[in-house]
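Chain and residue survey
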Amino acid sequence: MGITYVLMHSPSVGPATWAPVAARLPGSIVPSLAHVGEAGPPFWPAVAEGVGAAIGGLPADERVVLVAHSNAGLFVPVVVEASPRTVEACVFVDAAVPGRPGPTAVVSPGVLDSLRAMAGADGRLPPWTTWWDGSDVAPMFPDAETRRSVEAEQPRLPLAYYEQRVPAPPGWDDRPCGYVLFADPYATIAAECGWPVEHLPGLHLHQLVAPDAVAEAIRKLSHSG
C-alpha cells in the first residue's frame, strides 16, 4: 500500500505549476482543472467531480493525501466528500483555507470589486499573470521556459468563478492537516489555521523555484498527525 499525493492546482493556472514537485513525489498525480471555467456556475462541483474521478482511478488500497495550492484550498472539503477513497491527510500550500463552517467566498469583496473592473465584455478575466506588473511576476519563476509553460496553460476564467461561494461539509478536517507557507499575504492564514506549519520563504509559486524543499515539507506534514 503506497501513498498518492493528489496535487490540486488553482483553476486560475494549470498543472504545470505542480510539475517539478510531482517529479519529486513518486506516484503523485496532478488532476487537470483546466475545464472548470467552462462548467458554468457554480464551479465547485466540477472540481470535486474531476479530482474525485482521478482518485477513483487509483488502486483501492492506496493512501491518499490531498495537497492544494492557492485558491484550490477552498475546494478541499468538497473533494474530501466526493472522494471514493479515504483522504488520510490534507496539506495546504500557500493556500486559502475554507471557513469553519462554510460556505466560503473565493475572494474578498474588495478583490471582487477589482476583478469586476478588470473583466472584459465577455464576462471573462485576463490570464492570472497579467493582473500585475511584469516586474512583480518574473521573480515567481525560476526561468523563462518555466514561465512560458505556466502561462500557456492559463485560462481566462469567468468573473462568476470568483463570485461563487464554496461549501465546506462538516468533518472534512477530521484528519491530519498542515500548511506550507511561502508568501507574506498568507502568513495570517497559516498562523490562524491551528495546524503544523512549514515556512519556506518565497513568492506564491515557490514550488516552481524550490521543488525539493516543497516536496519534503509536504511529506513531513502529511505524516504530522
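In what follows, the accompanying structure is described. (Residues numbered from 1 in each chain as written. Predicted model: local features only at pLDDT ≥ 70, side-chain atom pairs only at ≥ 80, totals over all residues. Heavy atoms only, no water.)

1. Structural notes on the overall build of the chain
Applied cut-off: Only DSSP runs of H or I reaching four residues or more are called helices, and only runs of E reaching two or more are called strands; each is numbered from the N terminus. Here the globule rule is a power law, 2.2 Å times the number of residues to the power 0.38, and the radius of gyration is based on C-alpha atoms. A simple rule labels every residue: compare its accessible area, found with a 1.4 Å probe on the protein chains alone, to the largest value its type can have, and call it buried under 20%, exposed over 50%, or partly exposed in between. Here a residue-residue contact requires only that any non-hydrogen atoms of the pair lie within 4.5 Å. For accessible areas, the Shrake-Rupley method is used with a probe of radius 1.4 Å. Any residue's cover is judged against the shown protein chains and nothing else. His is not counted, nor are the chain ends, whereas Lys and Arg count as positive and Asp and Glu as negative. For charged residues, the charge sits on one atom: NZ in Lys, CZ in Arg, CG in Asp, CD in Glu.
Looking only at helices and strands, the chain has 10 helices and 7 strands in total. Here the chain has a C-alpha radius of gyration of 16 Å; the compact-globule value for 225 residues is 17 Å, and the two agree. Dimensions of the chain, computed from C-alpha atoms along their principal axes, come out at roughly 50 × 35 × 35 Å. By the burial criterion, 49% of the 225 residues in the chain qualify as buried. The contacts in the chain between residues at least 6 apart in sequence include a share of 71% that link residues at least 24 apart. Here the chain has roughly 9500 Å² of accessible surface; of this, 55% comes from carbon and sulfur atoms. A gap of 2 Å separates the mean positions of the 13 positive and 23 negative side-chain charges of the chain.

2. Description of empty space enclosed by the protein
To be explicit about the condition: In this analysis, the protein atoms alone were mapped onto a 1 Å grid. Cavities are point sets where a 1.4 Å probe fits without being able to get out; pockets are open sets with protein on both sides within 12 Å along at least five of seven lines; lining residues have an atom within 4 Å of a point. Grid points are joined across faces, edges and corners, and a volume is the space filled by probe spheres set on the points. Under the grouping applied here, Gly and all other residues not named as nonpolar or charged are polar, the nonpolar ones being Ala, Val, Leu, Ile, Met, Phe, Trp, Tyr, Cys and Pro and the charged ones Asp, Glu, Lys and Arg.
Counted by the stated rule, this structure contains 1 cavity of 30 Å³ or more. Volume-wise, the largest cavity comes out at about 40 Å³. Its residues assigned to classes, the lining of the largest cavity comprises 7 nonpolar, 1 polar and no charged.

3. Re the packing of aromatic side chains
The condition that has to hold: Note on aromatic pairs: the rings of Phe, Tyr and Trp (six-membered ring only in Trp) are paired at centre separations within 6.5 Å, and the planes decide the class, stacked below 30 degrees, edge-to-face beyond 60, tilted for the rest.
Within the structure shown, the criterion is met by 9 aromatic pairs. For the pair Phe 92 and Trp 172, a centre-to-centre distance of 6.0 Å together with 65° between the ring planes defines the contact as edge-to-face. Here the residue Phe 92 occupies a position in strand β3 (residues 87–95), and Trp 172 occupies one in the loop between β5 (165–166) and β6 (177–181), the gap between them amounting to 80 residues. For Trp 172, a relative accessible area of 4% puts it in the buried group. Their ring planes at 85° and their centres at 4.9 Å tell us that Tyr 161 and Tyr 162 sit as a pair that is edge-to-face. Each member of the pair, Tyr 161 as well as Tyr 162, is classed as buried. Three or more aromatic residues joined by ring pairs form one cluster here, namely Phe 43, Phe 75, Trp 128, Trp 131, Trp 132, Tyr 161 and Tyr 162.

4. Focus on unusual backbone geometry
Of the consecutive residues Pro 41 and Pro 42, the connecting peptide bond is found in the cis state with omega at -10°. One non-glycine residue, Asp 94, lies in positive phi territory at about 45°. Exposure remark for Asp 94: the relative accessible area of 0% places this residue in the buried category.

5. Some remarks on the layout of surface pockets
Think of a ball as big as a water molecule: rolled over the atoms, this probe shows where empty space is left. Counted as a void, the largest pocket has a volume near 870 Å³. As for the largest pocket, its lining consists of 31 residues, and the residues nearest its centre are Ser 70, Trp 128, Trp 132, Tyr 186 and His 204. Mapped by element, the contributors of at least two residues to the lining of the largest pocket are β2 (63–70), α4 (109–118) and α5 (134–137). It is α4 that provides the largest number of residues to the lining of the largest pocket, a total of 4 residues. Residue composition of the lining of the largest pocket, by class: 20 nonpolar, 9 polar and 2 charged.

6. Some remarks on the environment of Trp 18
With respect to the helices, strands and loops of the structure, Trp 18 is situated in the loop between β1 (3–8) and α1 (19–22). Once the C-alpha coordinates of Trp 18 and Met 8 are considered, the two residues, 10 residues apart in sequence, prove to be 8.1 Å apart. Once residues within four sequence positions are removed from consideration, Trp 18 is found in contact with Leu 7, Met 8, His 9, Val 30, Val 67, Ala 68, His 69, Val 93, Gln 207, Val 214 and Ile 218.

Any functional reading would require information beyond the geometric quantities listed.
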